[in-house]
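Examination of the molecular architecture
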Amino acid sequence: ELPPSEFMQVADSTWLVLSVVSNGREPPGCQATGVTKIARSVIAPLAEHHVSVLMLSTYQTDFILVRERDLPVVIHTLAGEFDIYKEESGECVPVTCDDVSNGFLKPKPPASPTLHPVQSPQTRFCVLTVAPDTLPAIATMLIDVLFYSHSPPWDAASSSQDLDSITFFSFSLIEGYISIVMDAETQKRFPSDLLLTSSTGELWRMVRIGGQPLGFDECGIVAQIAEPLAAADISAYYISTFNFDHALVPEEGIAEVIQLLQQRQENGR
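Let us look at the structure shown here. These numbers come from a predicted model, not from an experiment. (Residues numbered from 1 in each chain as written. Predicted model: local features only at pLDDT ≥ 70, side-chain atom pairs only at ≥ 80, totals over all residues. Heavy atoms only, no water.)

Considerations on the pattern of salt bridges
- Under the definition given, this model contains five salt bridges.
- The shortest N-O distance in the salt bridge between Arg124 and Glu251 comes to 2.8 Å. Remark: Glu251 occurs in the loop between strand E12 (245-250) and helix H6 (254-268) and Arg124 occurs in strand E7 (residues 124-128); sequence separation between them is 127 residues. (Salt bridge = Lys/Arg side-chain N within 4 Å of Asp/Glu carboxyl O. Helix = DSSP H or I, 4+ residues; strand = E, 2+ residues; numbered from the N terminus.)

A few points about unusual backbone geometry
- Of note in the backbone geometry, His50 takes a positive phi value of approximately 60° without being a glycine.
- Topologically, His50 is positioned in the loop between helix H1 (39-48) and strand E2 (53-57).
- Of note, Ser89 is a non-glycine position whose phi angle comes to about 55°, a positive value.
- Structurally, Ser89 is set in the loop between strand E4 (84-88) and strand E5 (91-95).
- The class for Ser89 is exposed, based on a relative accessible area of 82%. (Buried < 20%, exposed > 50% of the residue type's maximum accessible area, 1.4 Å probe, protein only.)

Focus: the pairing of E2
- In terms of residue burial, E2 counts as a mostly covered element, since four of its five residues are buried.
- Where E2 and strand E3 (residues 62-67) come together, five bridges link them in antiparallel fashion. Bridging from a neighbouring strand, Leu54 pairs with Leu65 of E3.
- The loop that links E2 with its antiparallel partner E3 comprises four residues. (Pairing = 2+ DSSP bridges.)

So this is what it looks like as structure tokens:
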């Protein structure tokens, strides 16, 4: 419904949302949350089959977006590990490989993935939620932060590998559930009694992936980050955007994460 505009850039693909629901068969000792819980079972297999994904971690759960044209490959790849359902008129209907066999194309062997640079700013972030009935109380502040708190334009020439800070604010409203990621300084502008977080109130640090806008044609970007973190049992929220990818990890684990990703880059050379 948005009118055409020279100020709006739209990707040419239509995306479908996959929601991974656990049935309680998680391996013993698996404590990590976020994208690392599905790194081995979903993200890595899709990367191996040359499927590009967008990740959206929220306070409540994780969503994987895949291009509609890749759906046959996605179903064939995941059918052995998961029961797959599609939503029709509000009902969940089982999907089998036979349903998409006519459209299944054997994926091309993936090229060697590009090792994108990662940056870790000093900014500390919070992952929060808000009760829907209290949203009007912070609506004015949300609008101000989302649309009127402008940051200086990003300049590739002045960018460095070690950013002191980064401006990042994420708001999602999915089926009535609200999820917000904001830096700790911005959080101070909101009423503390309305923002809900985990009982530990932990803070997160960010790893930003990409030295320039990534685009959507390359696969394996999420896997490059998620797999090393999963192997080390490190929790991570992962948010893909139009230009860059962002992984949020617990503040106390940022040094280990940087070391793991540096080793990944060295081994990939």
